[in-house]
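Architecture and fold: a report
Listed below are the residues making up each chain.
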Amino acid sequence: MWLVCTCHCYYATIRNLSQLNLAVVSVAMPLFMTICGFFAHSTLNSGLRMLVTRRLLPLALPIIACTVCFAALSVAWHTFSVATLLETAMGCLWFLRALAVIYVVAWLVLRLPLPQWLSALISVVVLLAVPGGSAWQVNYLIILFWTGFFLRKHYQSFCRHLSWVAQASVGVYIIGALTGFVHGQYHFSHWMITNFPFALIAQVVVGVSGSLAVISLSHLLCRITVHRSYLGHVTGAMATIGRYTLGIYLVQTVLLQYVGYHYAIPALMQWAGSLPLWLADFVLTPLLALLAMLLCYAITRLLARNSHLSFALFGTTYAR
């Protein structure tokens, strides 16, 4: 979530002048989707009712809550219009929409009488071929989803070769950065697939390597801190914050992208523009994102105290 908040904070400070933001964008959503695939096994192996109640409904409720919040803010700011509301209703929390589509597609293809790897391959090919498969970047993100799914399936082998995976993934990502393939996300449209297939393949390699680098390095960090109590508290706190990812995602959308952009962009851009570019890029904007994430976490914890409100906003009661 810190990476997601960082992407959104750059929009309010130095925008496209950032070099670090390219690296953040290339990893944030691929990592998010890889983790979702990692934890999807139980749902994808269950029945349709479990898929709807455990995954689709918890994704739908935050989208509805986000749309309602935007409508209320628009009325308060006297900027409400039906066209803008419909546009926001189709675009807010776009990642959750993509995830919902991917859950449904993955659940369906795993019912085919085929090996799982072949079913996954078929789903990727179909989404790359059908018109509209690039909506919400579904046909790109499903590749990362299956990466996490099969990472979980071969988790013991991953742990045995953890050091090698960390070195290889970091190395591949660095090569991608040095060769100019760490950039914003291209949509896997038919035009892009036809005209720039290598750029899309490179984007997948960068997304997968960046995600595996973060996951493997996090594993190694946990191994190091398990015998160091003072560092163990830090990783424990990170794990606790991670439990509230969905809630933080909703709150940061409302707080940063709606309220923050409405009130703070002129002041933040003027402040960031008065600083040395390297300081605003590599220090202050990531620090601002960290503070924003912690604030969103605190707000999420506060709202989650009421189980009914928590379920209506976040799709879960966040059991303590």
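Use the structure listed above.
Note that the coordinates shown come from a computational prediction; the quantities given were computed from them, not determined experimentally.

1. Details of the packing of aromatic side chains
- Taken as a whole, this structure holds 19 aromatic pairs when the rule is applied.
- Between the aromatic rings of Phe32 and Phe95, the centroid separation amounts to 4.5 Å while the plane-to-plane angle is 15°, which identifies the pairing as stacked. Placement of the pair is Phe32 in helix H2 (residues 20-38) and Phe95 in helix H6 (residues 94-109), with a sequence separation of 63 residues.
- Owing to a relative accessible area of 14%, Phe32 belongs among the buried residues under this scheme.
- Overall, Phe95 belongs to the buried group, its relative accessible area being 0%.
- On the numbers, 6.0 Å between centres and 35° between planes, the contact of Trp146 with Phe150 is tilted.

2. Let's talk about unusual backbone geometry
- Residues other than glycine seldom take positive phi values, yet His78 does so here, at roughly 60°.
- You can call His78 exposed: its relative accessible area is 76%.
- Its identity as a non-glycine residue notwithstanding, Trp136 has a phi of 55°, on the positive side.
- On the basis of relative accessibility, which here comes to 28%, the residue Trp136 falls in the partly exposed class.

3. Looking at a nonpolar patch on the surface
- Side chains of Trp2, Leu287, Leu290, Leu291 and Leu294 sit close together on the surface and give an oily, nonpolar patch of about 430 Å² of accessible area.
- When residues in the nonpolar patch are grouped by element, the largest group, four residues, is from helix H15 (residues 277-303).
- Residue placement: Leu290 occurs in helix H15.

Each value, and the rule that gives it
Residues numbered from 1 in each chain as written. Predicted model: local features only at pLDDT ≥ 70, side-chain atom pairs only at ≥ 80, totals over all residues. Heavy atoms only, no water. Phe/Tyr/Trp six-rings, centres within 6.5 Å; stacked < 30°, edge-to-face > 60°. Helix = DSSP H or I, 4+ residues; strand = E, 2+ residues; numbered from the N terminus. Buried < 20%, exposed > 50% of the residue type's maximum accessible area, 1.4 Å probe, protein only. Patch = residues over 30% accessible without salt bridge, like charges linked within 9 Å, V, L, I, M, F, W, Y side chains within 5 Å. Areas by Shrake-Rupley, 256 points an atom, 1.4 Å probe, with all protein chains shown as cover. Salt bridge = Lys/Arg side-chain N within 4 Å of Asp/Glu carboxyl O.

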